[in-house]
Amino acid sequence: MPPPPANAPYEVALEAINDVIAGYSEQIALEQARPSPNTARIAWLEMRTDQAVSVHRSLNVCDDGNVQQAISEFSAIVRARDEGR
């Protein structure tokens with residue numbers, strides 16, 4: 001079996017970030033559908049989405065430290081979300 005591609009951690013990081021963005025988008029839609037949406041929660045979720053998009057755009061395949069940090073941070077968010085379901 002060949003070794004994994006050198007950019008595999010980068011792809012894992014992007015996948016985790018995308019998963020977080022999708023989760024925030026889902027939560028925003030659910031909140032907006034409520035009879036009395038919590039606008040502060042929507043604003044917070046939008047801010048977190050913007051932060052995740054910023055990390056996604058700035059992530060560099062050659063920056064191993066930031067790639068690992070993104071994997072750690074965004075995977076933890078996904079795990080916490082999934083455990084709460």
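Analysis parameters
- Residues numbered from 1 in each chain as written.
- Predicted model: local features only at pLDDT ≥ 70, side-chain atom pairs only at ≥ 80, totals over all residues.
- Heavy atoms only, no water.
- Helix = DSSP H or I, 4+ residues; strand = E, 2+ residues; numbered from the N terminus.
- Rg over C-alpha atoms; globule rule 2.2 N^0.38 Å.
- Core = buried A, V, L, I, M, F, W, Y, C linked by side-chain atoms within 4.5 Å.
- Buried < 20%, exposed > 50% of the residue type's maximum accessible area, 1.4 Å probe, protein only.
- Contact = heavy atoms within 4.5 Å.
- Axes fitted to C-alpha atoms, helices over the stretch in contact; angles between N-to-C directions.
- Parallel < 35°, antiparallel > 145°, perpendicular 65-115°, else oblique.
- Left-handed = near helix turned anticlockwise from the far one by under 90°.
- Nonpolar A, V, L, I, M, F, W, Y, C, P; charged D, E, K, R; others polar.
- Expected span 1.5 Å × (residues − 1).

## With respect to the overall build of the chain
Logical step 1: Scanning the chain from N- to C-terminus turns up 3 helices and 0 strands.
Logical step 2: Ordered by position from the N terminus, the helices and strands of the chain form the series α-α-α.
Logical step 3: At 15 Å, the chain has a C-alpha radius of gyration far larger than the 12 Å of a compact globule built from 85 residues.
Logical step 4: Overall size of the chain, expressed as C-alpha extent along the three principal axes, is 55 × 25 × 15 Å.

## A look at the nonpolar core
Logical step 1: Core analysis: the biggest nonpolar cluster contains 18 residues, and Ala 13, Ile 17, Leu 59, Val 67, Ala 70 and Phe 74 have the highest contact counts within it.
Logical step 2: Those elements that provide at least two residues to this core are α1 (8-33), α2 (39-58) and α3 (64-83).
Logical step 3: Top contributing element to this core by residue count: α1, with 9 residues.
Logical step 4: Ignoring anything within four residues of it in the chain, the contact list for Ile 17 reads Ala 52, Val 55, His 56, Leu 59, Ala 70 and Phe 74.

## Focus on the side chain of Ser 75
Logical step 1: Note on placement: Ser 75 falls in helix α3.
Logical step 2: Relative accessible area serves as the criterion here: at 18%, Ser 75 is assigned to the buried category.
Logical step 3: When near neighbours in sequence (up to four residues on either side) are disregarded, Ser 75 contacts Ala 16 and Ala 70.

## Remarks on the packing of α1 against α2
Helix-helix packing is characterised by the crossing angle of the two axes and by the distance between the axes.
Logical step 1: Direction vectors running N to C along α1 and α2 enclose 160 degrees, while the axes themselves pass 9 Å from each other. Here α1 is positioned roughly antiparallel relative to α2, judged by the angle of their axes. Regarding α1 and α2, the two cross each other, and that crossing is left-handed. For the pair α1 and α2, the contacting residues are Leu 14, Ile 17, Asn 18, Ile 21, Tyr 24, Gln 27, Ile 28, Glu 31 and Gln 32 in the first and Arg 41, Ile 42, Leu 45, Glu 46, Arg 48, Thr 49, Ala 52, Val 53, Val 55 and His 56 in the second.
Logical step 2: Here the contact of α1 with α2 is built from residues that sort into 10 nonpolar, 5 polar and 4 charged.

## Things to note about α1
Logical step 1: Given a rise of 1.5 Å per residue, 26 residues ought to cover 38 Å, and the 38 Å separating the end C-alpha atoms of α1 matches this to within 8%.
Logical step 2: When we look at burial in α1, the residues that qualify are Tyr 10, Ala 13, Leu 14, Ala 16, Ile 17, Val 20, Ile 21, Gly 23, Tyr 24, Ile 28 and Glu 31.
Logical step 3: The secondary structure elements touched by the buried residues of α1 are α2 and α3.

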